[in-house]
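Observations on chain architecture
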Amino acid sequence: MSLTELRTVTDQAGASRPVFVDSTGRRARWLRVLTVLACLAFVLYLGAMATGLFGSSVDLSTAMPSVSASASVSASAG
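Note that the structure is predicted; figures quoted are calculated from it, not measured.

**What to know about the overall build of the chain**
- On a plain count of helices and strands, the chain comes out with 4 helices and 0 strands.
- Ordered by position from the N terminus, the helices and strands of the chain form the series α-α-α-α.
- For the chain, the exposed area adds up to about 7300 Å²; of that, 68% sits on carbon and sulfur atoms.

**Re a nonpolar patch on the surface**
- Among the surface-exposed residues, Trp30, Val33, Leu34, Leu37, Leu40 and Leu44 lie close enough to one another that they form a single nonpolar patch of about 630 Å² accessible area.
- Looking at the element boundaries, Leu40 is found in helix α2 (residues 26-54).

**Let's talk about the confidence of the model for the chain**
- Put simply, the chain has an average pLDDT of 75, and 55% of its residues get 70 or more.
- By mean pLDDT, the top-scoring element of the chain is α2 (93), and the lowest-scoring one is helix α1 (residues 3-16) (56).

About the cut-offs
Residues numbered from 1 in each chain as written. Predicted model: local features only at pLDDT ≥ 70, side-chain atom pairs only at ≥ 80, totals over all residues. Heavy atoms only, no water. Helix = DSSP H or I, 4+ residues; strand = E, 2+ residues; numbered from the N terminus. Areas by Shrake-Rupley, 256 points an atom, 1.4 Å probe, with all protein chains shown as cover. Patch = residues over 30% accessible without salt bridge, like charges linked within 9 Å, V, L, I, M, F, W, Y side chains within 5 Å. Salt bridge = Lys/Arg side-chain N within 4 Å of Asp/Glu carboxyl O. pLDDT = per-residue confidence, 0-100.

Written as structure tokens, this is what we have:
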């Protein structure tokens, strides 16, 4: 068989049928699941950003202990 005949046979076989066919749909199912998860993560990210931008302001100075509060506690204990 010559090189020209080999190319002709290869070209004809490749043109008549697809290289890979997923007849079970497994690949499409996994892509759909990954797409849904990526979209869900993006929506959660946007929700967190919107909450941070439009949410109520929190004064962190009242949430954390201060030096004056700890001094008054120790003075009243002694």
